[in-house]
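Analysis of the macromolecular model
This is what each chain is made of:
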Amino acid sequence: MMQKFQKANHIFIPSYEKTSTMSLKNFIMNNFLIPDNDLERICEFISKDNELEKIIFQLPFLIQREISYDKLQIKFYDEFQEDYLQLEVLISTSTDVVTSLKIEYTLERELYDLFDSNSADKLLVIMQCH
């Protein structure tokens, strides 16, 4: 079975250290699609929470350990009102639905195990099968 990888699967993900906003922007641009063209707002939201920033820098690696994916997408989750912002990371993969749901659950559990729950709550990881 041939697996598709995006550029992000081949980059070096350093251990987390506090970075400048520009580095965060570069990392997001190199690892995620941004469908709403909302990069500035996303970076501003992430940079307000050091633990969330750690999650974002580690997330492609954590996902890659579980599954190969075609692309990662990041945007603000549309279902909530403005007073509660949450980011949605969409993982596009060719895996079947049952496997995707299991991996989605594993990733969510891992985020809560590794990071502060208040910061992990600001991120919604969704698998998209195609």
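Residues numbered from 1 in each chain as written. Predicted model: local features only at pLDDT ≥ 70, side-chain atom pairs only at ≥ 80, totals over all residues. Heavy atoms only, no water.

Remarks on helix α3 (residues 50-66)
With 17 residues, α3 extends 24 Å from end C-alpha to end C-alpha; this agrees with the ideal 24 Å at 1.5 Å per step. Residues Glu51, Leu52, Glu53, Ile55, Ile56, Phe57, Gln58, Leu59, Pro60, Leu62 and Ile63 constitute the buried set of α3. For α3, the capping residue at the N-terminal end is Asp49, with a side-chain oxygen 3.0 Å from the backbone nitrogen of Glu51. (Helix = DSSP H or I, 4+ residues; strand = E, 2+ residues; numbered from the N terminus. Expected span 1.5 Å × (residues − 1). Buried < 20%, exposed > 50% of the residue type's maximum accessible area, 1.4 Å probe, protein only. Polar contact = N/O pair within 3.5 Å; in protein donor to acceptor, adjacent residues only side chain to side chain.)

Section: the packing of aromatic side chains
Under the definition given, this model contains two aromatic pairs. When the ring of Phe45 is compared with that of Phe76, the centres are 5.4 Å apart and the planes differ by 70°; the resulting orientation is edge-to-face. Remark: Phe76 occurs in strand β1 (residues 71-76) and Phe45 occurs in helix α2 (residues 39-47); sequence separation between them is 31 residues. You'll find Phe45 and Phe76 in the same group, each marked buried. (Phe/Tyr/Trp six-rings, centres within 6.5 Å; stacked < 30°, edge-to-face > 60°.)

Side note on the side chain of Gln86
Of note, Gln86 is situated in the loop between β1 and β2 (87-93). Within the structure, Gln86 has its side chain in polar contact with the backbone oxygen of Asp121 (distance 2.8 Å).

Considering unusual backbone geometry
One non-glycine residue, Asn37, lies in positive phi territory at about 50°. Mapped onto the elements of the fold, Asn37 is located in the loop between α1 (21-31) and α2.

Description of the sheet that holds strand β3 (residues 123-129)
On the basis of which strands lie adjacent, the open sheet formed by three strands has the order β1-β2-β3 and mixed pairing. Taken across any chain shown, the strands that pair with only one partner, and hence form the sheet edges, are β1 and β3. For this sheet, the mean angle separating the axes of adjacent strands, direction not counted, is 20°. As judged from the six bridges shared by β1 and β2, these two strands associate in the antiparallel manner. Across the sheet, the residue bridging to Ile74 is Val89, located in β2. (Pairing = 2+ DSSP bridges. Axes fitted to C-alpha atoms, helices over the stretch in contact; angles between N-to-C directions.)

Here we look at the environment of Gln58
By secondary structure assignment, the location of Gln58 is in helix α3. Placed 53 residues apart in sequence, Gln58 and Leu111 show a C-alpha to C-alpha distance of 9.8 Å.

Here we look at the pairing of β2
For β2, the tally of buried residues reaches seven of seven residues, placing the bulk of the element in the interior. Along β2, one buried face is formed by Leu87, Val89, Ile91 and Thr93 and the opposite face, lined by Glu88, Leu90 and Ser92, is buried too. Alignment of β2 against β3, held across seven bridges, turns out to be parallel. Bridging from a neighbouring strand, Leu87 pairs with Leu123 of β3.

Just distances and angles here, no functional claims.
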